[in-house]
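Summary of structural features
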Amino acid sequence: MNLYPVRAIYMAEMARTRRTLLQSVVSPVISTSLSFVVFGAAIGSRITEIGGVSYGAFIVPGLIMLMLLTQSVSNASFGLFFSKFSGSIYEILSAPISYLEIVVGYVGAAASKSILLVLIILGTSSFFVPLEIADPFWILTFLVLTAVTFSLLGFIIGIWADGFDKLQLVPLLVITPLTFLGGSFYSIDMLPPFWQSVTLANPVVYLVSGFRWSFYGISDVSLGASVAMILLFLAASLATIAWIFRTGYRLKP
Amino acid sequence: MNDPIITIDGLNKTYEGGFQALTRVDLTIQRGEIFALLGPNGAGKTTLISLVCGFVNPSEGHVIVDGFDSVRDYRQGRERIGLVPQELTNEAFETVWNTVSFNRGLFGKSPNPAHIEKVLKSLSLWDKRYNRLMTLSGGMKRRVLIAQALSHEPRILFLDEPTAGVDVELRRDMWNVVRGLRDDGVTIILTTHYIEEAEEMADRIGVINRGEIVLVEEKAALMKKLGSKQLTLQLHSPLTELPPALAQEELSLTADGYELVYTYDGRQEEEGRGISTLLTQLEQAGISFKDLHTRQSSLEDIFVDLVKERS
């Protein structure tokens, strides 16, 4: 692997974040922090503990997962789509770089930005709720795997999208509802038996549950199921990208 | 000269909708030459360049760049190529320096600020290096595209309509840069609508029409073979008709009878009936003239004739 082109793409994408600091960093940090204030500090104090964890602390992994999923998808999709939109994608496609190097550059930058945001939000949330970290290794593992996997999904969306509206389609109409219905704000034990079964078909449940387990040692599904789900996502995203580059879908006519 | 740097062999391109952009294109570009590819809009020029540069997939055929297959050995092939695209496609919010440096990195080269500085200075962009691209004029943006293409020190440079929409001064600057690159051994392939540029700059001319290469010729040979000249004589007294002794297909009389127009190429001299013979015949016929001028057909005339002929 030639690291110069990877570095070039990575640095260019990170530079875009620096140029758009308000939109890229400040905005998601403020909106997630508001959720901590409203659900954690204000409403949370009136709700009983879940699995021995205060409600304010219980929702932190879910809220972080929501932000991580949407930001990873948006960061990666926008970077690639903007190159297509401006026409400068020719620079990438005519350069002597492999598909792997292109993906590592774009996805690496998108995942880095998302992880950076998570770290900022984790720091911010500790001001509002009593945060515990049961297993830092699994927190980091879930963080990196989820950021990379959903940045890969964003990369796919960036290639697929042929307009700005399609860029927002998946984060707003798929990821956000699935995360809200995926146990971010409640334990699925609190649902009636029928809806518990239905909820298990929601893949985000496994991500939120695994992430929450690494904070508090409590989960809705087993750790193994959560890891298997994220690895399944990762494999599916990688396979789709391999197909895109093999066929030139929406990149090379 | 037979040292090919690009060999295009049986290249076909049919787009998804069924439109055939290129039909069995065979073309060889020699190392160190300036090759001008001419053709009307939609002839297939940009498709051909895109295929060689690797961002359009061929339907059939091969491109060999300096001995490397453009698909199998894409790294070696592409690192030799710089491309100045037709459209202004820069990243609007980035600075000139970062944009050009980004391209160098993209092509796998280690950072070399001295080279970037040299390129920017040669294109009169040094003073603008910290400016965002969105603040530059169209001509300046086009210079940035050239700087991007030169950032990784390519041995082959594609210029796809590089002077479209730029002013005369900038155009001259650009051609000076191109000449300098050629002197450094860079092979240059350009497409242009300004045929006088091809006429002035190119060593060889290729004409493409409807996806097919119609003609490839040394510029001088092409001008000689297909170019014609006209001698116009302004007469002292008008003629009502040509005297029978002067009647020949190359000579005509204008409607007002005041001008004789002689159209000729190399053949007439070879057959012993060139300009000197004509002037002697006029003197013998008692026809005198007060002025004369000659005109040589341009590459544009040749191009228009060729395209018309094949349509």
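See the structure shown above.
For clarity, every value in this text was computed on a predicted model and none was experimentally measured. (Residues numbered from 1 in each chain as written. Chains lettered and ligands numbered in written order. Predicted model: local features only at pLDDT ≥ 70, side-chain atom pairs only at ≥ 80, totals over all residues.)

Observations regarding the overall build of chain B
When its secondary structure is counted, chain B shows eleven helices and 14 strands. Taken over the C-alpha trace, chain B has a radius of gyration of 25 Å; the compact-globule value for 311 residues is 19 Å, which it surpasses by more than 25%. The principal-axis extents of the C-alpha atoms in chain B amount to approximately 75 × 45 × 40 Å. (Helix = DSSP H or I, 4+ residues; strand = E, 2+ residues; numbered from the N terminus. Rg over C-alpha atoms; globule rule 2.2 N^0.38 Å.)

Section: the packing of helix α1 (residues 3-19) of chain A against helix α5 (residues 99-125) of chain A
Residues and elements named next belong to chain A. The interhelical angle for the contact between α1 and α5, taken along N-to-C directions, is 30°, at an axis separation of 8 Å. The crossing of α1 and α5 is right-handed. Residues P5, V6, I9, Y10, E13, M14 and T17 of α1 form the contact with α5, whose participating residues are E101, I102, V104, G105, Y106, G108, A109 and K113. (Axes fitted to C-alpha atoms, helices over the stretch in contact; angles between N-to-C directions. Left-handed = near helix turned anticlockwise from the far one by under 90°. Contact = placed C-beta atoms within 7 Å.)

What about the interface of chain B and chain A?
Across the contact, 27 residues belong to chain B and 22 residues belong to chain A. Contributions of two or more residues to the side of chain B that touches chain A are made by α2 (74-78) and α3 (96-106) of chain B. A total of five residues in the side of chain B that touches chain A trace back to one element, the largest contributor, which is α3(B). Tallied by class, the residues present in the side of chain B that touches chain A amount to eleven nonpolar, nine polar and seven charged. (Nonpolar A, V, L, I, M, F, W, Y, C, P; charged D, E, K, R; others polar.)

Overview of the pairing of strand β14 (residues 289-296) of chain B
All names here are of chain B. Of all the eight residues making up β14, zero are buried; the element is thus mostly uncovered. Relative to β14, strand β11 (residues 229-235) runs antiparallel, the two sharing seven bridges. Bridging across to β14, Q234 finds its partner in D291. (Buried ≥ 20, exposed ≤ 12 C-beta atoms within 10 Å, placed from the backbone. Pairing = 2+ DSSP bridges.)

A look at the sheet that holds strand β5 (residues 68-69) of chain B
Residue and element names in this part refer to chain B. Read from one edge of the open sheet, four strands run β2-β1-β4-β5, paired in antiparallel fashion. Each edge of the sheet is formed by a strand with only one pairing partner; in this case those strands are β2 (20-30) and β5. With seven bridges joining them, strand β1 (residues 4-14) and β2 adopt antiparallel strand pairing. Bridged to T14 within β2 is Q20.

A look at helix α9 (residues 203-216) of chain A
Taking 1.5 Å per residue as the helical rise, α9(A) with its 14 residues ought to reach 20 Å, and the 21 Å between its terminal C-alpha atoms agrees with that figure. Looking one or two residues beyond α9(A), the residue adopting positive phi is A:G217, at roughly 75°. (Expected span 1.5 Å × (residues − 1).)

So, the sheet that holds strand β13 (residues 259-264) of chain B
Sheets are built from strands paired through backbone hydrogen bonds, the pairs being either parallel or antiparallel. Residue and element names in this part refer to chain B. Reading across the sheet, the four strands line up as β12-β13-β11-β14 and stay open at both edges, with antiparallel pairing between neighbours. Only two strands of the sheet have a single neighbouring strand rather than two, namely β12 (251-253) and β14. Averaged over all pairs of adjacent strands, the angle between their axes in this sheet comes to 20°, without regard to strand direction. Where β12 lies against β13, three bridges are found, and the strand directions are antiparallel. Within the sheet, the bridge partner assigned to L253 lies in β13 and is L260.

With respect to the packing of helix α3 (residues 55-86) of chain A against α9(A)
All names here are of chain A. Two elements in contact, α3 and α9, have axes whose closest approach is 9 Å; the angle formed by their N-to-C orientations is 130°. Classified by the interaxial angle, the pair formed by α3 and α9 is oblique. Between α3 and α9 the crossing geometry is right-handed. For the pair α3 and α9, contact is made by V60, P61, G62 and M65 and by L207, V208, F211, R212 and F215, respectively. When the residues that make up the contact of α3 with α9 are grouped by side-chain class, the tally is seven nonpolar, one polar and one charged. (Parallel < 35°, antiparallel > 145°, perpendicular 65-115°, else oblique.)

Side note on α1(A)
End to end, α1(A) covers 24 Å across 17 residues, agreeing with the expected 24 Å (1.5 Å per residue, within 8%). Those residues of α1(A) lying buried are A:P5, A:V6, A:A8, A:I9, A:Y10, A:A12 and A:E13. Buried residues belonging to α1(A) abut α3 and α5 of chain A together with α3 of chain B.

Focus: the nonpolar core
All names here are of chain A. Counting 73 residues, the largest nonpolar core has I64, M65, V73, Y106, V107 and F155 as its most contacted members. Top element by residues in this core is α3. It accounts for 16 residues. Residue contacts for F155: discarding those within four places in its chain leaves A76, L80, V103, Y106, V107 and I241. (Core = buried A, V, L, I, M, F, W, Y, C linked by C-beta atoms within 7 Å.)

Observations concerning unusual backbone geometry
All names here are of chain B. For R24, which is not glycine, the phi torsion reads 40° and is therefore positive. The topology assignment puts R24 in strand β2. For D66, which is not glycine, the phi dihedral falls at a positive 50°. What makes D66 partly exposed here is the crowd of 18 C-beta atoms within 10 Å.

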